[in-house]
Amino acid sequence: MSKMIRIADLSDSITFRIKGFDCMDCAAQMGRALEQMPGVAAAQTNYLLGKATVKYDPAQITVDHLIKAIKNMGYTAEEDSAAVHESCLNTTLRITGMDCADCASRLEQHVKRLPGVEQARVNFGAAKMEIKHQAAIAEILTAIRKMGYTGEVDAGYRKRVDESSIWNSNQHALPTLISLAMLALGLAAERMSQPALLPTVIFLLGIVLGGFVQARKGISVLIHAHELDMNILMIIAVIGAAAIGQFEEAVTVVFLFSLGNALQVYTLDKTRNSIRALMELTPAQALVRRNGSDITLPVEEIQIGDILMVRPGEKIAMDGRVVEGVSSVNQAPITGESLPVAKTRGDKVYAGTINQNGALEIETTHLSQDNTMARIINMVEEAQGQRAPSQQFVDRFARYYTPVVIAAAFLVALLPPLLLGQSFQKWFYEAMAMLLVACPCALIISTPVAIVSAIGSAARSGVLIKGGRFLEEMGALSLIAFDKTGTLTVGKPEVTDILSLNGYPVETIMALAAAIESRSEHPLAAAIIDYARDKGIEASTVTSFAAVPGLGAGGFIEERFYQIGKSQLFSDQGMDMGAIHQKVPDLQNSGKTVMILGDRENMIGIIAVADNLRDNSRAAVESLKRLGIEKTIMLTGDNQSTARAIAARAGIDEFKADLMPEDKVAVMNEMLAQYKKVAMVGDGVNDAPAMAISTVGIAMGVAGTDAALETADIALMADDLTKLAYAVQLSRKTLQIIRQNISIALLIKGLILLLVIPGWLTLWLAVAGDMGCSLLVTLNGMRLLRVKHLA
């Protein structure tokens, strides 16, 4: 009975591919034999497929035991990779203590080798790990802890950042204080002429207690990953110093090493939390109207379709759509816009933005974990985990640098005593110091900390950069191509000119035009209707409405027929076109679409509609040219005259008109062949083919738009083209800091290593130089966190 109860509770199951099945009866017998084993709930064999599926209790029996039992029955078994893939869980862990990109890589390799783990990927920039696994998560966390780190299942974006705990939870803080105290006590004991043994004991306590964390981590890496890391090098150097009686220097090394790690963890955590801290902008609860009552709920309990009640001055808790009220909303946390945006019925609003001067009722459109702010944070963290080209180069260099320095240290310890008859103790000491210089941490961290900081800074300014590669490419662009509609232009046609013919008042012309267009679904019709409504012009009622495909439409208004459309609509009816002969071409040449209003006998008015240029389009293009962008080009499906006018007003160097999406792709291929580094700026959906093959695809105005967020390599959250120049400058600034960091790391390590030649290198100087170098490149990279607007 107890086994039956256990069977119902079991959830672990594994499928094996079996070799050796030669009859159905043998397969069935193997299944029955497995079921008799303690911990096995059920076993099902498939003779034809050569498979066996076993449900088991991992607390009583392991997969290895099952494989061994099958082998003892005369068969061989291996896990079915397809079944493993289908049954794997995906878990995200937050890792504490990752202060070195090289150490993070070793942790990733170790977790990948754990039984029941199919995939593992460490994101050093975001301090998290993505795991695909069958093994119990508790076992994985135990393995991570044995490597010297702590992990916890990611609680999602709602987990608040406690700034005060960044130092308090630092595992290197206590060892640093202990080693400092022991160093001070030991030095004091020496000065007080205490028994010679006392200072040595104190120093040894400082070494053991102060170096315990690093030693445990290093030994774990050596045991589980079979590799040397900085911690092992430190252990060897400290033991070597103690072996030759340099206890004071040994504890100094432990203190400096621990202090450097503590400071590095602190600074890296500040960098990592800079983006997640944005979630502090979203309230933890909100006032919701349900079933006629207003109740306050945690945001996790708010459902799609709930109505939020947001008073003036309050933060908006969820993504949604305004269903009642008029206000202005500060959207800076999402889009980087400095000015509030007017919101009325039907407009989108985003979690984390601030309602300013009017009460709003908002219908929720996304759950809390799926809102725009959460997606931004997830995307930025993923981007921070991608390796930039410069980082890949540094990683390759470090793989050769470390073994070369270790080999050099070995030669330093042996050659001077053997060949020159010099003191072994002296050169052994120098070799121990060289081992500390061998750590490539400063070099490896020089790039990712700059990339992480730059991507974080850009996100807070409303620019989402999907990875280090795209960040680097932005600074190397030679040409930028723009879509026209919705990119350089507003994307919404507006009435720009109203010309009266035959003495008709402007108000009458617009009232008649709005009456006819009220029955049309054409975008130009909407522009006329919107204009009339904004001006308070009341449209009449139209009857017997009829459309003339490709030309226009007409109908009866107060028993008189009126029509509106292209000039051809009237010329085909034999009307005299002399009155508009010059006016229409002039308007069309300025990029406007012209519609004529008339009755059966005469033309009574001209209405020009245009998709106006954005206010900042020309300024954005000029900024790019000042930054050295060789050429700008506009790609549009619009006609030649409109394209020419918009390009001229925007300051664009060249334009291509009458393009279908496939034509844009062909043009993009030509430009890539000529200019090598080309960006395509569009709406992220219609221009997706051209954006996909460009060096960098940039979507603009995509706040809250899922498709556009996924399409682009870089996304401008607001309709602000001036952020393009910002992104180019940020890219160049980032590359400059990366070059500085690499130079700093190589120069300092090179100078330290040169001190070996005269025999001046000391252990404490090696540690101070190495850890100081790591801190310098980290702090230098963190300067990018404060970059908002570059001159």
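Note that this is a predicted model, so its numbers are computed, not measured. Sequence positions are assigned chain by chain, starting from 1 and proceeding in written order. Two thresholds apply to this predicted model, a pLDDT of at least 70 for residue-level local features and 80 or more for giving and counting side-chain atom pairs, whereas whole-chain, interface and lining totals are computed over all residues. Note that water and hydrogens are dropped before the side-chain values are worked out from all heavy atoms of the structure.

### Things to note about the overall build of the chain
- Helix numbers and strand numbers start at the N terminus; a helix is a DSSP run of H or I with at least 4 residues, a strand a run of E with at least 2. Each helix and strand in the chain was counted, giving 30 helices and 30 strands.
- Under the scheme applied here, a residue whose accessible area is under 20% of the maximum for its type counts as buried, over 50% as exposed, and between as partly exposed, the area being computed with a 1.4 Å probe on protein chains only. In the chain, which comprises 791 residues, the proportion classed as buried is 52%.
- Only heavy atoms enter the contact rule, under which two residues are in contact if any of them lie within 4.5 Å. For the chain, the share of sequence-separated contacts (at least 6 apart) that also reach a separation of at least 24 residues comes to 69%.
- About 35200 Å² of surface is accessible on the chain, with carbon and sulfur atoms providing 56% of the total. Per-residue and other accessible areas were derived by the Shrake-Rupley procedure at a 1.4 Å probe size, with only the shown protein chains allowed to occlude residues.

### Structural notes on the environment of Asp-483
- In this structure, Asp-483 sits in strand E19 (residues 479-483).
- The exposure class of Asp-483 is buried, given its relative accessible area of 7%.
- Linking Asp-483 and Leu-635, residues 152 residues apart in sequence, is a C-alpha distance of 5.1 Å.
- Apart from the residues within four sequence positions on either side, Asp-483 is in contact with Leu-488, Leu-635, Lys-664, Met-680, Val-681, Gly-682 and Asp-687.
- Counted as a polar contact is a pair of N or O atoms within 3.5 Å, where, for protein atoms, one must be capable of donating a hydrogen and the other of accepting one, and residues adjacent in sequence contribute only when both atoms are in side chains. Separated by 3.1 Å, the side chains of Asp-483 and Lys-664 make a polar contact.

### Details of the packing of helix H20 (residues 506-517) against helix H21 (residues 523-534)
- What counts as an axis is a line fitted to C-alpha atoms, over the stretch in contact for a helix, and the angles between N-to-C directions run from 0 to 180 degrees. Between H20 and H21, the least distance of the axes is 9 Å, while the angle of their chain directions is 130 degrees. Here H20 is positioned oblique relative to H21, judged by the angle of their axes. The chirality of how H20 crosses H21 is left-handed. Of the residues in H21, those in contact with Met-510, Ala-513, Ala-514 and Glu-517 of H20 are Ala-525, Ile-528, Ile-529, Tyr-531 and Ala-532.
- Residues are grouped as follows: Ala, Val, Leu, Ile, Met, Phe, Trp, Tyr, Cys and Pro are nonpolar; Asp, Glu, Lys and Arg are charged; every other residue, Gly included, is polar. Considered class by class, the residues forming the contact of H20 with H21 number eight nonpolar, no polar and one charged. In these notes the angle categories are as follows: under 35 degrees is roughly parallel, over 145 is roughly antiparallel, 65 to 115 is roughly perpendicular, and the rest is oblique. Handedness of a crossing is defined here by the sense of rotation of the near helix relative to the far one, left-handed for an anticlockwise turn of less than a right angle and right-handed for a clockwise turn.

### What to know about helix H26 (residues 661-675)
- Here a helix's expected span is defined as the number of its residues, less one, multiplied by 1.5 Å. The terminal C-alpha atoms of H26 lie 21 Å apart, and with 15 residues this matches the ideal 21 Å at 1.5 Å per residue to within 8%.
- Within H26, burial applies to Lys-664, Val-667, Met-668, Met-671, Leu-672 and Tyr-675. For H26, the angular spread of buried residues about the axis comes to 140 degrees, placing them on one side. Pointing more than 90 degrees away from the buried face of H26 are the exposed residues Glu-662, Glu-670 and Ala-673. Each direction from the helix axis to a C-beta atom contributes to the arc, which is the arc of those directions.

### Concerning unusual backbone geometry
- Of note in the backbone geometry, Asn-291 takes a positive phi value of approximately 55 degrees without being a glycine.
- You can see Asn-291 is positioned in the loop between strand E9 (285-290) and strand E10 (293-298).
- Positioned with a positive phi, Glu-558 is a non-glycine residue whose angle comes to about 50 degrees.
- Looking at the element boundaries, Glu-558 is found in the loop between strand E22 (552-557) and strand E23 (560-565).

### So, the sheet that holds strand E3 (residues 51-56)
- A strand pair is defined by DSSP finding two or more bridges across the two strands. Pairing is antiparallel across the open sheet formed by four strands, whose spatial order is E2-E3-E1-E4. Sheet topology places strand E2 (40-46) and strand E4 (76-79) at the edges, where each strand pairs with a single neighbour. Sheet twist, expressed as the mean angle between neighbouring strand axes with direction ignored, is 30 degrees.
- Contacts between helix H3 (residues 63-72) and the sheet are confined to strand E1 (13-19), E2, E3 and E4, with E1 contributing the most and set at about 30 degrees to the helix.

### So, the nonpolar core
- In this text, buried Ala, Val, Leu, Ile, Met, Phe, Trp, Tyr and Cys residues form a nonpolar core when linked through side-chain atoms within 4.5 Å. Among the nonpolar cores identified, the biggest contains 48 residues, and Ile-465, Phe-482, Ile-698 and Ile-714 are the most heavily contacted of them.
- Counting residues in hydrophobic clusters, the runner-up holds 39 residues, among them Phe-203, Phe-257, Val-405 and Ala-433.

### With respect to the packing of aromatic side chains
- Two rings belonging to Phe, Tyr or Trp (six-membered ring only in the last case) form a pair when the distance between their centres is within 6.5 Å. Interplanar angles under 30 degrees mark stacking, angles over 60 mark edge-to-face geometry, and anything in between is tilted. According to the stated counting rule, one finds two aromatic pairs in the structure shown.
- Arranged with centres 5.5 Å apart and planes meeting at 65 degrees, the rings of Phe-556 and Phe-561 form a pair that is edge-to-face.
- You can call Phe-556 partly exposed: its relative accessible area is 28%.
- The exposure class assigned to Phe-561 is buried, which follows from its relative accessible area of 16%.
- The criterion is that NZ of a Lys, or CZ of an Arg, lies within 6 Å of the ring centre and within 35 degrees of the ring normal, and then a charge sits over that ring. When the ring centre of Trp-427 is taken as reference, the NZ or CZ atom of Lys-426 above it lies at 5.4 Å.
- Over the face of the ring belonging to Phe-561 we find Arg-600, whose NZ or CZ atom lies 4.1 Å from the ring centre.

### Some words on the side chain of Thr-489
- Inspection of the secondary structure assignment puts Thr-489 in the loop between helix H19 (484-488) and strand E20 (494-500).
- With a relative accessible area of 0%, Thr-489 lands in the buried category.
- Reaching out from Thr-489, the side chain makes a polar contact with the side chain of Asp-611 at a distance of 2.5 Å.
- Not counting the four nearest positions on each side in its chain, Thr-489 is found in contact with Lys-484, Asp-611, Asn-612, Leu-613, Arg-614 and Ile-646.

### Brief notes about the pairing of E1
- One ladder, built from five bridges, connects E1 with E3; its direction is antiparallel. Pairing of Thr-15 across the sheet is with Thr-53, part of E3.
- Relative to E4, E1 runs antiparallel, the two sharing four bridges. Bridge pairing in E4 links Phe-16 to Glu-79.

### Details of the packing of helix H24 (residues 617-626) against helix H25 (residues 640-650)
- The N-to-C vectors of H24 and H25 enclose an angle of 65 degrees; their axes lie 8 Å apart at closest approach. Note on element contacts: H25 touches H24 through Ala-648, Arg-649 and Ala-650, opposite Ser-617, Arg-618 and Val-621.
- The residue inventory of the contact of H24 with H25, partitioned by class, reads three nonpolar, one polar and two charged.

### Re the pattern of salt bridges
- Put simply, a salt bridge is a Lys or Arg side-chain nitrogen that is within 4 Å of an Asp or Glu carboxyl oxygen. This structure, assessed with the given rule, holds 17 salt bridges.
- With a shortest N-O distance of 2.5 Å, Arg-560 and Asp-599 are connected by a salt bridge. With a gap of 39 residues between them, Arg-560 in strand E23 and Asp-599 in the loop between strand E24 (593-598) and strand E25 (603-610) connect regions that are remote in the sequence.
- Assessed through its relative accessible area of 2%, Asp-599 is described here as buried.
- Between Lys-656 and Glu-654 there is a salt bridge, with the nearest N and O atoms lying 3.5 Å from each other.
- A relative accessible area of 30% places Lys-656 in the partly exposed class.
- With a relative accessible area of 24%, Glu-654 lands in the partly exposed category.

### Considering the sheet that holds strand E14 (residues 341-343)
- With antiparallel pairing, the three strands of this open sheet are ordered in space as E14-E13-E16. At either margin of the open sheet sits one strand with a lone partner, and together these are E14 and strand E16 (354-355).

### Comments concerning the environment of Thr-487
- Mapped onto the secondary structure, Thr-487 falls in helix H19.
- Taking the C-alpha atoms as reference points, Thr-487 and Ala-699, 212 residues apart in sequence, are found 8.8 Å from one another.

### A short note on the confidence of the model for the chain
- Confidence scores per residue from the predictor, reported as pLDDT, run from 0 to 100. Residues of the chain with pLDDT of at least 70 account for 85%, and the chain-wide mean is 80.
- In this model, residues 159-166 is a region of pLDDT below 50 whose contacts with residues beyond four sequence positions or in other chains number 16 contacts.

### A word on a nonpolar patch on the surface
- Side chains of Phe-410, Leu-411, Leu-414, Leu-415, Leu-418, Leu-419, Leu-420 and Phe-424 sit close together on the surface and give an oily, nonpolar patch of about 850 Å² of accessible area.
- Broken down by element, the residue count for the nonpolar patch peaks at seven residues, all from helix H14 (residues 389-420).
- On the secondary structure map, Leu-419 appears in helix H14.
- Leu-419 gets classed as exposed once you look at its relative accessible area, which sits at 66%. Patch definition: residues above 30% relative accessible area lacking any salt bridge, with like charges linked at up to 9 Å and the nonpolar side chains Val, Leu, Ile, Met, Phe, Trp and Tyr linked at up to 5 Å.

### Section: the environment of Ala-351
- Within the secondary structure, Ala-351 is located in the loop between strand E15 (348-349) and E16.
- Owing to a relative accessible area of 0%, Ala-351 belongs among the buried residues under this scheme.
- Through-space distance from the C-alpha of Ala-351 to that of Ser-368 is 8.5 Å; in sequence the pair is 17 residues apart.
- Setting aside residues no more than four positions away along its own chain, Ala-351 makes contact with Thr-282, Ile-316, Ala-317, Met-318, Asp-319, Ile-334, Asn-371 and Met-373.

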